[in-house]
Each structure stands twice: as structure tokens, then as C-alpha cells.
Amino acid sequence: MGLLELISPRTYGLALATALALWALCVFCRRKRRPGEAPLINGWIPFLGEALNFRNDPTKFLLSLQQKYGDVFTVHLAGKYITFITNPLQFVYVTKNSKYLQFKELADQISTKAFDHPTTLNLPDMDENVHKAYQYLLGRPLDVLSDSMMGNLQGLFEKMFSQATDWEMGNMNKFCFSLMFEASFLTLYGKDPSAVDYSIVEAIGDKFNKFDASFSYLAASVPIELLGAAKSIRKELISMFLPENMSRWLGASEVVQFRKDLFDMYEVLSDRNKAAHHFAFMWASVGNTIPATFWAMYYLLRHPEALAVVRDEIDHLLQSTGQERKPGNCIHLTREQLDNLVYLESAINESFRFCSSSTNIRIASEDFILKLEGNQEVSLRKGDLVAIYPPILHMDPEVYEDPKKYKFDRYVEDGKKKTTFYKQGRKLKYFLMPFGSGISKCPGRFFAVNEIKLFLVLLLTYFDVEITEEKQVGQDKSRIGLGILLPDTDIAFRYKLRN
Ligand code: HEM
């Protein structure tokens, strides 16, 4: 006997009537568009609004709304009203309005929930001081970081030489993860000199991946108690960064050292809270870089014509700087030399175009009128969210010809970096946005690109590399809107020392 048969027709009728009444109440009470506001798309599902349609395929969904309502519209998504700005010529009006369109509180909400540290916004000057640390990701400290990353990566690659005299099989995502996680960690946090043969990937790699898989839920305010072992895993990861552990690590980068000294100045921060802040930074430093490395490698290997040009560019550079391409020979590249690898950089950018989906989001600090291009104005209510969703730009056929096609040299023109892309005949300030924009732009972006370049330089210098499976790797949708999308599966490949 089924459940419905147990319910009497009278009870059933009553339940249906109550549900209908509730639905009608929600519809009646929902937000109505006021004069001056953008077209409003409420959706018909109470509370969720259009969240399911958005989640299914955000780019398709937003493009369909753009066609119907124009470049600016407000969508009800799971209790939030988000005004999307979809024309890249308008993006600058969002970024320059940081007085009314704020980011700090939003970032703090996500970070405190995901990484379990107390808010920093009520500590005197803490936010400004945290931002001061980012100077150590630029200029001379960036050179030091890149050199150190090169040394660490080289050390890890060299360990593979003895096995790779003949074809060695591997899984590409796992390969990228283990090399980039280990080398990035050593570069940023240093190493306990007494721990011989210690591998940070072996120690916490699995836990990191499990936490990472919960990240999108935590960012969406799902209580960690509902996420299986996530709570205990996060606790263990945080405890890695307790002062008693970090004090044993030698060779920490300037950026991490600055943050350590800074947190020590705030007596109200417990050791555990300091550790949670370090863990948050560690996640930021590898959480996107590793999948971005995977995609850059994957697309290159899937396109032999691209691989040949990029490899040739690297070989030429090494030759012209008198560096022999043989195992045991340390390769060193200056910032300028790394910068001049324009085909490599273009290939990395092209993979960013496909796989980056970080929504740039702001919250209106008060009711105000956002002035846009051509005398267009949009009234916003305090607490409303304003969003730029870069995949729409990245797949816009007016900006990028044949946008679904991987063109490794899309960002090269006359042998130099190409930065001129147009919409409606006008040059765009924002044409590729993996790293956010304005006040929330990623401070680690230069280091991230250098890291990916160094990884690919060493890989292609030392090894012949081939994918050995036919299947296409797709994008895991769970991170949509939050950063670089993860691959939905791993893929087998093989590598062998080059002659
Ligand atoms: C491909 C790699 C990377 C991508 C795509 C990326 C992307 C981003 C984005 C989109 C944001 C802004 C978040 C938002 O608007 O909500 C951000 C913030 C941040 N990123 Fe990155 N990132 C990468 C690598 C790195 C690296 C290597 C580091 C550090 C070494 C880093 C450190 C940070 C930090 C600390 C923030 C927060 C900045 C703040 O306090 O406002 N990121 N990243």
C-alpha cells in the first residue's frame, strides 16, 4: 500500500489547499519592481525563485534573460535579489562605484563560514593590514617567490627522471595536484628541516581535496554539520597551521611571514584563529591555481599544433639564454623572460577563458542610483547584490570570434601580447576576468600565472607528454560562480624524458 492511499481524501484536500494558500501568499508578498529599477525576474518557485534554472546552466539562462530584458536585469535567486550587469562596456561603472557597491562584508561572510575564523572587520586596522601583505605578491618579492617556486618544482620534477626513461603513465589531474600543491606549499610556507622525505601532499592532500569538495556548500551557507566529515577534516587542516607547527617551518615567504607577524600583533586572536586565517590563505593560493594548471595542460595536449608552437617558444628561450635542456641542469628564468613567453601566456589565458567562472559580486550599502553608459540608470535597494558573470563575456561571439573554439594564440598579435578586444566597436577594458575586478581583484594573480608558466616550462622542457584516452574532460558544475571549475573526471596520460 502506497503512502498516498493511507491519507484520507479529506486530509489530502486540506494539505493541498494549505500548500496552495502558502504559494499564493508567497506570490502576493514577493518583491515588485519599482520605478527606475531594472526588469525583475521573480520566478514562480517560492524562496528559490529562479535558482534552479540558474544552476542548470547559468550562461544559457542569463543570455536568455539578456535577450528578453536587455543588458541589466534583476533575478530572484534563493532569497537574494541579484542585478546582473551583462554588457562588458558597463563593467567599469560597477568597479568604480566601490563606495556604494561594497565587497568586504560579503567576502568576510564567506570566509568566516568556510574557514571558521572570526570576522576581522571589527579588529582595528586588521583589514587594511591584511591588504598590506599583498605587496609581497608583487615586484621584487614576486621575483623571489617565482624563483623559489621554480627551484621547488624543479626538485620535484627531478625525482621523476629515473622512472621516466621509458613511457610512464599518470593521471593528469592527480599529477598537476601533487606537483603544484607540494611546490606551492613549500614556496609559501617553507619546510620543517628535520622532516626528511616529508611530503605535504601525502600528509594533507586527501584532506585538502575533501574540504575543497565541500567549499561551494560552505560558501552557500550550508551548515558544515550536514557535510559528512567536512567539520573534522577542516579542524585537522586548521591545526596544521598552529603556531607550534609553523614555527618549525624554515624558508617561509615574505607574504606568509608578514601575515604571521601581523596576527601576532592582535592579542584577541587565539592560536586557533590565527591558524584558521593561514589555512584560508593557503586555500586561496592553491584552490584555483591547481585546476587552472590542469586545464592549461589539458588543452595544450589536446591541440598538438598549439603544443608544438609553445614548446618551440620555450626551447628557443632556453637556447637564447644559453641554458641546456638536460636533466640535472637548473633552469632559471627572469621575470622578463617569463613575460616574453607570449604564446605560452596566450594558451594559459585561452584555458582561463573556458574554465573561469568567478562571479564578481558587490552589495549595495544603501539605496542608490547606479549610473551606467549612455545616461542609463538603475535604482538599487540597500542589500541588493550586483553581479558580473564573466563566462558571458568569455563566450561572447562579438568579443571572441568562434568563442567555443580553443585558439591557443588568441591573445597574441604580431608576436606580442594582444590586449585589444572590442564590443560594439569599442575597445574593452575588461575582456578576460579569471581574477575578478576592482577592489576584489586577486592579489595573487601574477604569481598564479607565473606558477602555471613555470610548471609548463619544466614539463615541456624535460618530457614528451601525450594524453592516452579518447574521452573529453568536462567541467564539474559544483564551483559555478566561485572560481576555476574543476574537471569532472581525471584523464590518463604518459610522459617520457625527451632525448
Ligand atoms: C589561477 C589562480 C587563481 C585564480 C583564478 C584566483 C582568483 C581569485 C578571485 C576571482 C578572487 C576574488 C574573489 C572574489 O571576488 O570573490 C581572488 C581573491 C584572492 N586570491 Fe586569488 N586566484 C588565484 C590564485 C591565487 C594565488 C596564487 C594566491 C596567493 C598566493 C591568491 C590569493 C588570493 C587572496 C588572498 C584573495 C582574497 C583577496 C582579498 O583579501 O580581497 N590567489 N582570487
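Rules of the game
Residues numbered from 1 in each chain as written. Predicted model: local features only at pLDDT ≥ 70, side-chain atom pairs only at ≥ 80, totals over all residues. UniProt positions renumbered as here; feature names shortened; annotations may be inferred. Helix = DSSP H or I, 4+ residues; strand = E, 2+ residues; numbered from the N terminus. Buried ≥ 20, exposed ≤ 12 C-beta atoms within 10 Å, placed from the backbone. Contact = placed C-beta atoms within 7 Å. Pairing = 2+ DSSP bridges. Expected span 1.5 Å × (residues − 1). Arc of directions from axis to C-beta.

- Per an unreviewed UniProt entry, the protein is named 25/26-hydroxycholesterol 7alpha-hydroxylase, and its organism is Podarcis lilfordi.
- As stated in UniProt under Cofactor (unreviewed entry), the record for the protein gives "heme".
- The UniProt entry for the protein carries this comment under Pathway (unreviewed entry): "Lipid metabolism; bile acid biosynthesis."

**Thoughts on the UniProt feature "binding site: substrate" (unreviewed entry) in the protein**
- Within this structure's numbering, the places UniProt gives as "binding site: substrate" (unreviewed entry) are Lys-113 and Asn-288.
- Following the sequence through the fold, Lys-113 ends up in helix H6 (residues 104-115).
- Take Lys-113: there are 17 C-beta atoms within 10 Å of it, and that puts it in the partly exposed class.
- Take Asn-288: there are 26 C-beta atoms within 10 Å of it, and that puts it in the buried class.
- Setting aside chain neighbours within four positions, we find Asn-288 in contact with Gly-483 and Ile-484.

**Some words on the sheet that holds strand E3 (residues 80-85)**
- The six strands lie next to each other as E1-E2-E3-E9-E6-E4, forming an open sheet whose pairing is mixed. Looking along the sheet, the strands with just one partner apiece sit at the ends: strand E1 (40-41) and strand E4 (101-102).
- The pairing of E3 with strand E9 (residues 385-388) spans three bridges and is classified as parallel. When the bridges of E9 are listed, Phe-84 appears paired with Ala-387.

**Some points on helix H13 (residues 254-265)**
- For H13, with twelve residues, the first-to-last C-alpha span of 17 Å sits near the 16 Å given by 1.5 Å per residue.
- Buried within H13 we find Val-255, Val-256, Arg-259 and Phe-263. Burial along H13 is one-sided: seen end-on, the buried residues are contained in an arc of 95°. For H13, the exposed residues set more than 90 degrees away from the buried face come down to Asp-261, Asp-264 and Met-265.
- Elements in contact with the buried residues of H13: helix H8 (139-158), helix H9 (172-189) and helix H14 (271-286).

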